[in-house]
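Each chain, letter by letter, is given below.
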Amino acid sequence: MSDEKAQKAQNAETTGTIPAQSRGHDRPHGEVLLKVTGLQKHFPIRKGLLKRQVGAVHAVDGLDFEVRSGETLGVVGESGCGKSTMGRLITRLLEPTGGTVEFEGKDITHLGVSGMRPLRRDVQMIFQDPYSSLNPRHTIGTIVGAPFKLQGVQPEGGVKKEVQRLLSVVGLNPEHYNRYPHEFSGGQRQRIGIARALALNPKLVVADEPVSALDVSIQAQVVNLLDDLQEELGLTYVIIAHDLSVVRHVSDRIAVMYLGKIVELADRDSLYKAPMHPYTKALMSAVPIPDPKRRGAKSERILLKGDVPSPISPPSGCRFHTRCWKATEICKTVEPPLAELKPGQQVACHHPENFEDQAPQETVLLSAAKEAAELVPEAVLEESAETSAAVAAEVAESAETAEPAEVAEPAEVAEPAEVAEPAETAEPAEVAKADGAGETQESTDK
Ligand SMILES: Nc1ncnc2c1ncn2[C@@H]1O[C@H](COP(=O)(O)OP(=O)(O)OP(=O)(O)O)[C@@H](O)[C@H]1O
């Protein structure tokens, strides 16, 4: 939990805004609550009378991450990249095909229904669509009270009283206990879904696109409600969203997913200040920044080429290479590992932004990259070239003060002209990738 959040939580406690019957979690903040290792979900594709398996949808393909107590982990990525599947795997609504899920140090990967029963209290999910996730034939009293019935829990003061308390916690009128979902607006229905998720005082709440079905004007209210509840009840969140605008304000850390993999995982500030994966940079450019100083400034939106490739046969090497403006041969052949290149910032990229090139010997852009570069504004390419030149200079400078043997390599990075080696060019038409993409764009245009 960030300092700001911790402070707000403390204030909430001292001002007594925590509802009387709610129990905060005594688990120390920052301790690992959920640990996911090599998580995989391949949905089989079957054909014919015998339903033989002919392939698989690689929806989630090897995720490693942790969620710490009290924090909010935002998960973003385009539609179809496996975010919802990941959410359903960690709440064990789906059975993984590979990897492990540990909750409070206990392996829950293959727990059966009875083994999962006690855990269902601790891990709850909020769904995207507040219209279809609430049974239209049940009153909201029945809906919010259902978890008590399912778990055989008798709250202090009775179910009705507790449900009414939960309704007021989420900002609804407790007197509306006997009303039906259709009598509520979208935002109010999502509040009902939140009240239901909170009924059993969970430790972890996974919210799958909790506001995308709502009007923009209502989205902020629901996001703020989730934020306030976290402070008051000591909740831990995994919030799934398809763009960065929703998770931006509430997340402590953000995982960026692409085609079933995490391509970048970093604390929010580092990610916003200096995104390292080109895909993160593209996602960020799609979020409008309400900064009056930048009004009228040249648009820097990065348009990605085409759709996300099929998860049935994902691209080789780095899965983003077919749409990346920096891709070279190594990106096509070798999958970059998710490595911590800066403290608290993990990235899976051979040619990261705002950091030293991880494969400086790879200088020839793929033709797909040259096409993609045409969709990236000049300003972005220039900035990219500037930052990589600055990082290269920094590396060269630190190398000068280090052992002589280490000097030679960074010097190559610092001088683009020496890197562009036409003799090494695989295809004569291909343009050598110089130090930064800015030069690349120029050469491509010629
Ligand atoms: N039950 C299933 N059987 C087969 N394929 C599935 C199943 N559920 C999801 N998929 C596929 O897995 C991939 C990932 O889907 P998922 O819903 O997790 O992505 P997402 O990032 O949450 O997208 P969206 O934001 O559109 O929900 C998609 O290609 C989807 O078609």
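Residues numbered from 1 in each chain as written. Predicted model: local features only at pLDDT ≥ 70, side-chain atom pairs only at ≥ 80, totals over all residues.

> So, the UniProt feature "domain: ABC transporter" (unreviewed entry) in the protein chain: which residues are in play, and what are the values?
Under the UniProt annotation, the feature "domain: ABC transporter" (unreviewed entry) is placed at residues 34–284. In residues 34–284, helix accounts for 37% and strand for 29%; the two terminal C-alpha atoms are 27 Å from one another. (UniProt positions renumbered as here; feature names shortened; annotations may be inferred. Helix = DSSP H or I, 4+ residues; strand = E, 2+ residues; numbered from the N terminus.)

> Run through the site of the ligand, naming residues and quoting values.
Close to the ligand lie 13 residues; Phe43, Ala59, Ser79, Ser84 and Thr85 are nearest. Among the elements of the structure, strand 2 (52–68) and helix 2 (83–90) are those that each provide at least two residues to the shell around the ligand. In terms of residues, the shell around the ligand owes the most to one element, helix 2, which gives three residues. Looking at the shell around the ligand, its residues break down into five nonpolar, seven polar and one charged. (Near = placed C-beta within 6 Å. Nonpolar A, V, L, I, M, F, W, Y, C, P; charged D, E, K, R; others polar.)

> I'd love a proper account of the sheet that holds strand 7 (residues 204–208), names of residues and values included.
Spatial ordering of the open sheet is given by 6-7-8-3-9-10-12-11, a layout of eight strands whose pairing is mixed. Both edges of this open sheet fall to strand 6 (123–126) and strand 11 (339–342), since each of them pairs with a single strand only. For this sheet, the mean inter-axis angle between neighbouring strands, taken without regard to orientation, is 20 degrees. In terms of strand pairing, strand 3 (residues 72–76) meets strand 8 (residues 236–241) through five bridges, oriented parallel. (Pairing = 2+ DSSP bridges. Axes fitted to C-alpha atoms, helices over the stretch in contact; angles between N-to-C directions.)

> Could you give an account of the environment of Gln345, with specific residues and numbers?
Note that Gln345 resides in strand 12 (residues 345–347). C-alpha separation for the pair Gln345 and Leu265, spaced 80 residues apart in sequence, amounts to 5.9 Å. Leaving out residues up to four positions away in the same chain, Gln345 has contacts with Ala266, Ser270, Met276 and Glu340. (Contact = placed C-beta atoms within 7 Å.)

> Go over the packing of helix 4 (residues 140–151) against helix 5 (residues 159–169) with me, naming the residues and quoting the values.
Between helix 4 and helix 5, the shortest axis-to-axis distance is 9 Å and the interhelical angle comes to 115 degrees. Classed by the angle they form, the pair helix 4 and helix 5 counts as roughly perpendicular. You can see that helix 4 and helix 5 cross each other, and the crossing is right-handed. Residues Gly141, Val144, Gly145 and Phe148 of helix 4 lie in contact with helix 5, whose contacting residues are Val159, Lys160, Val163, Leu166 and Leu167. Here the residues of the contact of helix 4 with helix 5 sort into six nonpolar, two polar and one charged. (Parallel < 35°, antiparallel > 145°, perpendicular 65-115°, else oblique. Left-handed = near helix turned anticlockwise from the far one by under 90°.)

> I'd like a description of the pairing of strand 7, backed by residues and values.
When you tally the buried positions in strand 7, you get five out of five residues, the bulk of the element. Where burial is concerned, the two faces of strand 7 agree: the one with Leu204, Val206 and Asp208 and the one with Val205 and Ala207 are both buried. Here strand 6 pairs with strand 7 via four bridges, running parallel. Each bridged residue has a counterpart across the sheet, and for Gln124 the counterpart in strand 7 is Val205. Looking at chain direction, strand 7 and strand 8 are connected through five bridges and run parallel. Paired with Asp208 across the strands is Ile240, a residue of strand 8. (Buried ≥ 20, exposed ≤ 12 C-beta atoms within 10 Å, placed from the backbone.)

> Requested: an account of the domain arrangement of the protein chain, with residues and values cited.
Split by domain assignment, the protein chain resolves into domain 1 (3–44 + 55–258) and domain 2 (289–335 + 354–445). Counting from both sides, the interface comprises eight residues of domain 1 and, opposite them, six residues of domain 2. For the side of domain 1 that touches domain 2, the element with the highest residue contribution is strand 2, accounting for four residues. Residues of the side of domain 1 that touches domain 2, tallied by class, amount to four nonpolar, three polar and one charged. (Domains from an automatic or database assignment.)

> Describe the sheet that holds strand 2, with residues and values.
Read from one edge of the open sheet, four strands run 2-1-4-5, paired in antiparallel fashion. Both outer strands of the open sheet, strand 2 and strand 5 (106–107), are each paired with one neighbouring strand and no more.

> Go over the nonpolar core with me, naming the residues and quoting the values.
Counting residues in each nonpolar core, the largest one holds 95 residues, and the members touching the most others are Ala195 and Val256. In terms of domain composition, this core takes at least three residues from each of domain 1 (3–44 + 55–258) and domain 2 (289–335 + 354–445). If sequence neighbours within four positions are ignored, Val256 has contacts with Val76, Gly77, Ile262, Val263, Glu264, His277, Tyr279, Thr280 and Leu283. (Core = buried A, V, L, I, M, F, W, Y, C linked by C-beta atoms within 7 Å.)

> How would you summarise the pairing of strand 1 (residues 32–47) if you had to cite specific residues and measurements?
The sheet contact formed by strand 1 and strand 2 spans 13 bridges and is antiparallel. Among the inter-strand pairings, Lys47 is bridged to a residue of strand 2, identified as Arg52. Between strand 1 and strand 2, which pair antiparallel and follow one another directly, the connecting turn spans four residues, one of which, Gly48, has a positive phi of 80 degrees. In this structure, strand 1 lies alongside strand 4 (residues 98–103), joined through five bridges in antiparallel fashion. The residue of strand 4 that forms the bridge with Thr37 is Thr100.

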